[in-house]
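# Structural description and commentary
Residues per chain are reported as follows:
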Amino acid sequence: MAHAAVKLWIVTSFNFCNKCMEQDMKLLVLRWKGFYKYRNLFKQLVFRDIKLKYRRSILGYLWSVLNPLFVMLIMVIVFSSIFRSDVENFPLYLLSGQILFNYMNEATNGAIQSVMGAGGLLKKIYVPKYIFTVSKVTSTLITMILSLLALLIVAAATQAPVSWKYILIILPIAELYIFCLGLGLFLAQAAVFFRDIQYIYSVVLTGWMYLTPIFYPITMLPDTLRFVITRLNPMYYYIEQFRQIVMYGMLPNWKLMCYGLMIGAAAVVIGIYSFQNNQDKFILYV
């Protein structure tokens, strides 16, 4: 009797899981169709953000290369006497961390304002609300890719070895994009109801920057703090993979890749879930 009951429970649970998976797949297909329907709007929003960033600028898109170079030069002058003896090719080390962290900073800060900034449009016509956040994260990705030219310039200037493995930087960049997308969706929906989050987040970013080994080697930290950063700081996984490719011509560590993908996937799940549950209330607050 007990065996039959257990068998019935297993069969029922299996059928329930199958139905849930089918519903999730149907929902995913519907959302993809909705996104595809508004693909032209998405493209316009992405290119609009890029154009607005350099509007009325004489040098225009060249600033995507010059800005990280100038910031790197200043930071090298300030920090080289402190860290240069411990870090091989300090300019490249600094720039490789700076580019990725700045992308996360700009993408998530842009995402916070994405829904609130589109309030006028949302009140007039129906548009998928997530498309504004996704376009912000994507347009920032494009400008970040342009800034990679600065990385090549520094690599050539410092005579760093450049190999075909440079193409593998697409892996940590893709992981970081997924993470920023999830975090951006979460922040975008939270900022609609709690406007102070943009100010709180700026403080969080400051602390996050100093707890990420951008301009200092991780080896100089105490063991306890090093353990916390290498386990709980997502940016460490993405930057370390990036540096392994750019500085040492190595394949990215598979453990770092797994951690980066898992954190990115978790961020996307949380971001989509929170955004989807609250998006119908946006119209009342924007």
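Calculation rules
- Residues numbered from 1 in each chain as written.
- Predicted model: local features only at pLDDT ≥ 70, side-chain atom pairs only at ≥ 80, totals over all residues.
- Heavy atoms only, no water.
- Helix = DSSP H or I, 4+ residues; strand = E, 2+ residues; numbered from the N terminus.
- Buried < 20%, exposed > 50% of the residue type's maximum accessible area, 1.4 Å probe, protein only.
- Contact = heavy atoms within 4.5 Å.
- Areas by Shrake-Rupley, 256 points an atom, 1.4 Å probe, with all protein chains shown as cover.
- Phe/Tyr/Trp six-rings, centres within 6.5 Å; stacked < 30°, edge-to-face > 60°.
- Core = buried A, V, L, I, M, F, W, Y, C linked by side-chain atoms within 4.5 Å.
- pLDDT = per-residue confidence, 0-100.
- Axes fitted to C-alpha atoms, helices over the stretch in contact; angles between N-to-C directions.
- Parallel < 35°, antiparallel > 145°, perpendicular 65-115°, else oblique.
- Left-handed = near helix turned anticlockwise from the far one by under 90°.
- Nonpolar A, V, L, I, M, F, W, Y, C, P; charged D, E, K, R; others polar.
- Salt bridge = Lys/Arg side-chain N within 4 Å of Asp/Glu carboxyl O.

### Points about the overall build of the protein chain
Counting its regular elements, the protein chain contains eleven helices and zero strands. Secondary structure elements of the protein chain occur, N-terminal to C-terminal, as α-α-α-α-α-α-α-α-α-α-α. Across the 286 residues in the protein chain, those meeting the buried criterion constitute 45%. In the protein chain, 76% of the contacts between residues at least 6 apart in sequence involve partners at least 24 apart. Total accessible area computed for the protein chain in this model is approximately 16500 Å², and 69% of it derives from carbon and sulfur atoms.

### Let's talk about the packing of aromatic side chains
What the rule picks out here adds up to nine aromatic pairs. Where Phe 179 meets Trp 208, the ring centres are 6.3 Å apart and the plane angle is 90°; that geometry is what we call edge-to-face. Pair noted here: Phe 179 is in helix H7 (residues 170–193) and Trp 208 is in helix H8 (residues 197–210), with a separation of 29 residues, a long-range link. Taking relative accessible area as the criterion, Phe 179 reaches 6% and is therefore assigned buried. Look at Phe 193 and Phe 282: their rings are 5.8 Å apart centre to centre, the planes differ by 50°, and that puts the pair in the tilted class.

### Some details on the environment of Ile 167
For Ile 167, the position within the fold is in the loop between helix H6 (130–157) and H7. Between the alpha carbons of Ile 167 and Ile 245 there is a distance of 8.8 Å; along the sequence they are 78 residues apart.

### What about the nonpolar core?
By size, the foremost hydrophobic cluster in this structure holds 80 residues, and its most contacted members are Leu 100, Tyr 103, Met 104, Leu 176, Phe 179, Trp 208 and Met 235. Looking at this core element by element, the count peaks at 15 residues for helix H4 (residues 90–117). Other than its neighbours up to four places away in sequence, Tyr 103 contacts Val 137, Thr 140, Leu 141, Met 144, Leu 176, Tyr 177 and Cys 180.

### A closer look at the confidence of the model for the protein chain
Here the protein chain shows a mean pLDDT of 81. Residues at 70 or above account for 80%. Here helix H1 (residues 2–37) stands out as the element of the protein chain with the lowest mean pLDDT, 49, in contrast to H7, whose mean of 95 is the highest. Low pLDDT, under 50, characterises residues 5–21; the predicted model gives this stretch zero contacts beyond four residues in sequence or across chains.

### Concerning the packing of helix H2 (residues 39–53) against H6
Two elements in contact, H2 and H6, have axes whose closest approach is 8 Å; the angle formed by their N-to-C orientations is 50°. Our classification of the angle between H2 and H6 gives oblique. Where H2 crosses over H6, the two elements pack in a sense that is right-handed. Contact with H2, carried on its side by Leu 41, Phe 42, Leu 45, Val 46, Asp 49, Ile 50 and Lys 53, involves Ile 131, Phe 132, Val 134, Ser 135, Lys 136, Thr 138, Ser 139, Ile 142 and Thr 143 of H6 and no other residues of that element. Residues of the contact of H2 with H6, tallied by class, amount to nine nonpolar, four polar and three charged.

### Here's the deal with the pattern of salt bridges
Taken as a whole and assessed by the stated rule, the structure comprises one salt bridge. Two residues, Arg 226 and Asp 223, come together in a salt bridge whose shortest N-O distance is 3.5 Å. Of this pair, Arg 226 and Asp 223 both sit in helix H9 (residues 223–232), three residues apart, which is roughly one turn of that helix. A relative accessible area of 59% places Asp 223 in the exposed class.

### Quick notes on unusual backbone geometry
Phi is positive for Asn 89, close to 55°, though the residue is something other than glycine. Take Asn 89: it is sitting in the loop between helix H3 (63–83) and H4. A positive phi angle is found at Gln 159, which is not glycine, with a value near 60°. With respect to the secondary-structure elements, Gln 159 resides in the loop between H6 and H7.

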